[in-house]
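# Chain and residue survey
In case you want the letters, here they are:
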Amino acid sequence: MSGTRLWGRPELYTSYRQDMALLNTGPKKVFVGVLLLVGLGLPFLVQDDLLQLLATGCVAAIGAIGLNIVTGYAGQVSLGHAFFIAIGAYTAAALSGDPDGGTIGFGITSLPVWLLAAGLTAGLAGLIVAPLAARLRGLYLAIVTLGLVFIGLYVFREWTDLTGGPGIGRQAAVPDLFGYRLDVDGTFFTRSQKIYLLMLVLLVIFALLARNLVRSRTGRALAAVRDRDIAAAVIGVDLTRYKMIAFAVSSFYAGVTGALLYIITGNFVPESFDLLMSVQFIAMILIGGVATISGSIMGALFITLLPRITRELPAVFPFIGDASGGGITVYQVEAILYGLLIILFLIFEPRGLYGIWIRIRNYWKAWPFSY
Amino acid sequence: MTELIQSVMRGLGSGSVYALLAFGFVIIYKSMGVISFAQPALMLAGAVLVTYLVSGMNFYLAVIVAAVIVALLGVGIERTAIRPMIGKPVFVISIITLGIDVVVREVVNGFIGLNVRPIGDPWQLDTRMVFGVEVQVRYLAMFATTMVLVGLLFLFFRYSRMGLAMRAAAFDQEVALAQGVSVGGVFALSWAIAGALAAVAGVFVSTEAGVDQNLWIVALKALPVIILGGLDSLGGAVVAGLAIGVVESLVGTYGVDVAPWLGGEFALVTPYLVMMLVLLVRPFGLFGTREVVRI
C-alpha cells in the first residue's frame, strides 16, 4: 500500500496514502522545514516588542484555526468566538489565580493543567450551544451566536468576583511549565523570548492536530455538511453529531486561545470580549483563506501585525496624523483598513492570502510558460 | 399602575425604533437574501447628519434631508460593494456589509468627535397626559411616526407598481426578471428604504442622550428582533420590535425588584435571551416562512 516515489515526478502518486499525506510534495517539506527554522530562530533576530506581537499572532492563529473548523470547514457561521475565548480566559485565570487575591483563584499554576481545563470548559460550552446551533442554519445561526457575545459580555461585567469588573480586570493565567516560570526573565532567555517560543510550539501542535482532523473521515464529513447538508445526510453523515463536533472542537481551540492570549500582556478586562473580537477572527479567516489551516495562520499574523504596519504609515503619507494632530489618525486608518481589507479580499480574492500563495505557486510551477 | 403604563409607553417608544431598523433589515433580506450589518452605520450617519443640519434649518426638514442623504448612501453602497457580489454565497455578502459597517462608522465617528452631539429635537422632556398618566411626548412621537411610516410602506408594497415589482422579486428573482422587473432597481430601492428608515431610527435613539460614538450598539438590538419576527416577515418585524421594546422596558423597570441577583442592567440582554428562547421552539421565528428543504 505504501507505494514508491519516482525521482523527478513529484506529482505522480502511486498510492492513496501518499496523496493524502500531511506533506505530500517535496517542496512542501522543504518550505515547512524552513519556516519552522525561521520561526525558531526569530527570538534571536528581532526586538522583544515585535516578538510579543508575533507571540500574540501565534495565539490568535490557534483561535483562527478553531473558527475555521466550524465556519470554514463545517460552514456554520459563528460570530460568537469571543464568547468562547472569554470562557477559556477566565477558566485559566481562575484556576491559576492567587487563592488569596481579590478575584476567584485556585492557585494551580501548572500550564498543561489550566490549558487543558480552559479548552475543555470552552468545548463544553460549545457542546451546550450546539443543539441550538444544529437546529438553525446560515444567518439565523450567525445572529444567535452574536447574541451569545452580548449575553457573555453582560455576565462577565456583572460577575466581578471572577472578572474583576470592567476597567479593572484581573491577572491572566500564570504560565508555569513543570516548575519553570515562562513569564519572568531567565538566565538564557528574556520573558518575551520564552513566551514567543511557547506560543510557537503550541501553535505547531494545534495546527498539526487540526490539519490531521480535517483530512480525516471527520473532516470530510464536515466539508460535506458545509457543501450541502441534506445531501450529506442522505449519504449517511449524522448532521447533528458532526455540527456538535465542529462546535466543540472550535470552542476548545477558542478556549485555549483565551487562556494563552493574555499571558503576554498580563492583565485583561471583561469588555475585551466584544463583537469586535469576533469580527477580527472572522476577518482573519476571510483574509487568510477559508477552510485552510495555513491560511488561518497567515490571516492571524496579518491582522495582528496590521496595527504595527499602520503605525508606520504617517512616515510615508504625510496627511495621516498621529493620535494628537487633526485630520485622519492612524487609529482610524487601522479600523478602516479592517473593513476595506475584508471587502476587497471577498470581492477580488475570495480564497484570501492562501489564494494569492496558490497563484504565485502556480505561476512559478510553469515558469517561464504561462501555463 | 402609573409606573406600568409609563414603562409600557417607554417600551413602545424604543420598540418603534427597533421596528424601524428591523423593517430595513427585512426589506433588504427579502430582496436579496442578505442580512445587512451596515444598518448600524447608516443609523449613526443619519443621526450625525441631523446634528449638523439642525443648526441651519427646521428639525423636521433636517430629518427628511438626512433620511434622503442616507438613502442615497445606501444606494451607493449597494451599487459599489454589493452589486458585484450577486450570485456569491449570502454569507459572504453579509460579511462584506460588516466590513462596510466598520468603514462607514469610522468615517462618521470622525464627525462626531469625542463629545456628545445634541440632536436638537423639539420634544426635549415635555410630557402629556395619556390615560391619566404623564408620558413623554417623544415616545408618543416615535410610536406615531413609526406607525405612519410602516403603514405607508405597507400601502406602497400593496398598491404601487414598484411595490408589486419588489414583492415579485422577493418571491422569485428570475421569474420577476423575465416579467420585465428591474431586479437591480429593486435592490437599489430596498437599500434606499432601509437607509432612510435607519436614519429616522437614529434620530429617535439620539433624542435620549444625544449622539456619541457608541450609539450604533442600539441598532444591533434589531437583530434579535428580526430573528424573533422571522427574517422574511415585515409584519413580524414591527410586532417583534414593539414586543422586544416593551419587554426590555418592563424588565428595566421591575427586574431589580423581582430578581436583584441578575444585576441592574439586565434589560440590556433581554432581547437576546428572548430571541434564544423563541428559537428553541420556533427555529424560523414567530412569523417567518419555514424553509422547505430538498436535495
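Up top is the structure.
These lines cover the structure that appears in this document, whether it is placed above or below.

Basis of the calculations
Residues numbered from 1 in each chain as written. Chains lettered and ligands numbered in written order. Predicted model: local features only at pLDDT ≥ 70, side-chain atom pairs only at ≥ 80, totals over all residues. Heavy atoms only, no water. Helix = DSSP H or I, 4+ residues; strand = E, 2+ residues; numbered from the N terminus. Rg over C-alpha atoms; globule rule 2.2 N^0.38 Å. Phe/Tyr/Trp six-rings, centres within 6.5 Å; stacked < 30°, edge-to-face > 60°. Buried < 20%, exposed > 50% of the residue type's maximum accessible area, 1.4 Å probe, protein only. Lys NZ or Arg CZ within 6 Å of the ring centre and 35° of its normal. Pairing = 2+ DSSP bridges. Contact = heavy atoms within 4.5 Å. Salt bridge = Lys/Arg side-chain N within 4 Å of Asp/Glu carboxyl O. Polar contact = N/O pair within 3.5 Å; in protein donor to acceptor, adjacent residues only side chain to side chain. Nonpolar A, V, L, I, M, F, W, Y, C, P; charged D, E, K, R; others polar. Expected span 1.5 Å × (residues − 1). Bend = angle between axes of the 7 residues up to and from the residue. Core = buried A, V, L, I, M, F, W, Y, C linked by side-chain atoms within 4.5 Å. Axes fitted to C-alpha atoms, helices over the stretch in contact; angles between N-to-C directions. Parallel < 35°, antiparallel > 145°, perpendicular 65-115°, else oblique. Left-handed = near helix turned anticlockwise from the far one by under 90°.

Each helix and strand in chain B was counted, giving 11 helices and two strands. Start at the N end of chain B and walk to the C end: the helices and strands fall as α-α-α-α-β-β-α-α-α-α-α-α-α. The C-alpha atoms of chain B give a radius of gyration of 19 Å, which matches the 19 Å a tight globule of 295 residues would have. Principal-axis analysis of the C-alpha atoms places the extent of chain B at approximately 55 × 50 × 35 Å.

Our focus in this paragraph is the packing of aromatic side chains. Summed over all chains, the structure comprises 22 aromatic pairs over all chains. Look at Phe-23 of chain B and Phe-154 of chain B: their rings are 5.8 Å apart centre to centre, the planes differ by 80°, and that puts the pair in the edge-to-face class. Taken as a pair, Phe-23 of chain B in helix H1 (residues 2-32) and Phe-154 of chain B in helix H5 (residues 137-159) lie far apart in primary sequence, 131 residues in all. By relative accessible area, Phe-23 of chain B is classed as buried at 0%. According to the relative accessible area criterion, Phe-154 of chain B is partly exposed, its value standing at 36%. Aromatic rings pair up to connect Tyr-90, Phe-156, Tyr-262, Phe-268 and Phe-273 of chain A into one cluster. Above the face of the Tyr-242 of chain A ring, Arg-241 of chain A is positioned so that its terminal group lies 5.4 Å from the ring centre. Here the guanidinium or amino end of Arg-105 of chain B rests over the ring plane of Trp-216 of chain B, the centre of that ring lying 3.7 Å away.

Bringing the pairing of strand E1 (residues 127-130) of chain B into the picture now. Residues and elements named next belong to chain B. In this structure, E1 lies alongside strand E2 (residues 133-136), joined through four bridges in antiparallel fashion. Looking at E2, one finds that Thr-127 is bridged to Gln-136. Connecting E1 to the next strand, E2, in antiparallel fashion are two residues, including Phe-131 with a positive phi near 50°.

Glancing now at the interface of chain A and chain B. One frequently used descriptor of interface size is the decrease in accessible area upon assembly of the parts. On the side of chain B, 48 residues touch chain A, which itself brings 35 residues to the contact. Put simply, chain A and chain B have zero salt bridges between them. Our count for the chain A to chain B interface comes out at two residue pairs in polar contact (both at pLDDT 80 or more). Secondary structure elements with two or more residues in the side of chain A that touches chain B: helix H5 (111-135), helix H6 (138-158), helix H10 (229-234), helix H12 (275-288) and helix H15 (330-348) of chain A. Residues belonging to the side of chain A that touches chain B are distributed by class as follows: 26 nonpolar, four polar and five charged.

With respect to burial, helix H9 (residues 222-229) of chain B is a largely interior element, eight of its eight residues being buried. Considered for burial, the residues of H9 of chain B that qualify are Ala-222, Leu-223, Pro-224, Val-225, Ile-226, Ile-227, Leu-228 and Gly-229 of chain B. In the core, the buried residues of H9 of chain B are packed alongside H6 of chain A together with H1, helix H10 (234-258) and helix H11 (270-281) of chain B.

Residues and elements named next belong to chain A. Over its 26 residues, helix H3 (residues 48-73) runs 35 Å from end to end, which matches the ideal 38 Å to within 8%, given 1.5 Å per residue. Of all the bends in H3, the greatest measures close to 30° and is centred on Leu-67. The buried count for H3 comes to 20 of 26 residues, which makes it a mostly enclosed element. Count one or two residues on from H3 and you reach Gly-75, which has phi positive near 75°.

Looking now at the nonpolar core. Trp-114, Met-199, Leu-260 and Phe-273 of chain A together with Ile-226 of chain B are the most contacted members of the largest nonpolar core, which totals 217 residues. Setting aside residues up to four positions removed in sequence, Ile-226 of chain B forms contacts with Ile-143 of chain A together with Ala-22, Phe-25, Val-26, Ile-35 and Leu-231 of chain B.

What follows covers the side chain of Ser-251 of chain A. In this fold, Ser-251 of chain A is placed in helix H11 (residues 239-261). In contact with Ser-251 of chain A, other than residues within four places in its own chain, are Phe-84, Gly-119, Ala-122, Gly-123 and Gly-126 of chain A.

Time to look at the packing of H1 of chain B against helix H8 (residues 183-206) of chain B. Residue and element names in this part refer to chain B. One can describe the packing of H1 onto H8 by two numbers: an axis separation of 8 Å at closest approach and a directional angle of 170°. Taken together, the axes of H1 and H8 are roughly antiparallel relative to one another. Two packed elements cross with a definite hand, and for H1 against H8 that hand is left-handed. When H1 is examined against H8, the residues Val-17, Leu-20, Leu-21, Phe-23, Gly-24, Ile-27, Ile-28, Ser-31 and Met-32 are found in contact with a partner set consisting of Val-186, Phe-187, Ser-190, Trp-191, Ile-193, Ala-194, Leu-197, Ala-198, Val-200, Ala-201, Phe-204 and Val-205.

Residues and elements named next belong to chain A. Tallied over the full model, the rule gives eight salt bridges over all chains. Salt-bridge contacts for Arg-351 lead to Glu-349; the nearest nitrogen and oxygen are separated by 3.7 Å. A single network of salt bridges, built from pairs that share partners, joins Glu-349, Arg-351 and Arg-359.

Right, let's get into the packing of H12 of chain A against helix H16 (residues 352-366) of chain A. For any two helices packed against each other, one specifies the crossing angle of their axes together with the interaxial distance. All names here are of chain A. Contact geometry for H12 and H16: axes closest at 3 Å, N-to-C directions at 15°. Between H12 and H16, the crossing angle belongs to the class labelled roughly parallel. The segment H12 lies against H16, with Leu-286, Ile-287 and Gly-288 engaging Gly-352, Leu-353 and Tyr-354. In the contact of H12 with H16, the residues fall into four nonpolar, two polar and no charged.

Residues and elements named next belong to chain B. Relative to the assigned elements, Gln-173 resides in helix H7 (residues 173-178). Of the residues examined, Gln-173 reaches a relative accessible area of 32% and is grouped as partly exposed. Spatially, the C-alpha atoms of Gln-173 and Val-183 are 6.9 Å apart, while their sequence positions differ by 10 residues. Beyond its immediate chain neighbours, meaning those up to four positions away, Gln-173 contacts Ser-31, Met-32, Val-183 and Phe-187. A polar side-chain atom of Gln-173 sits 3.0 Å from the main-chain carbonyl oxygen of Ser-31.

Remember that the coordinates give geometry; whether it matters functionally is a separate question.
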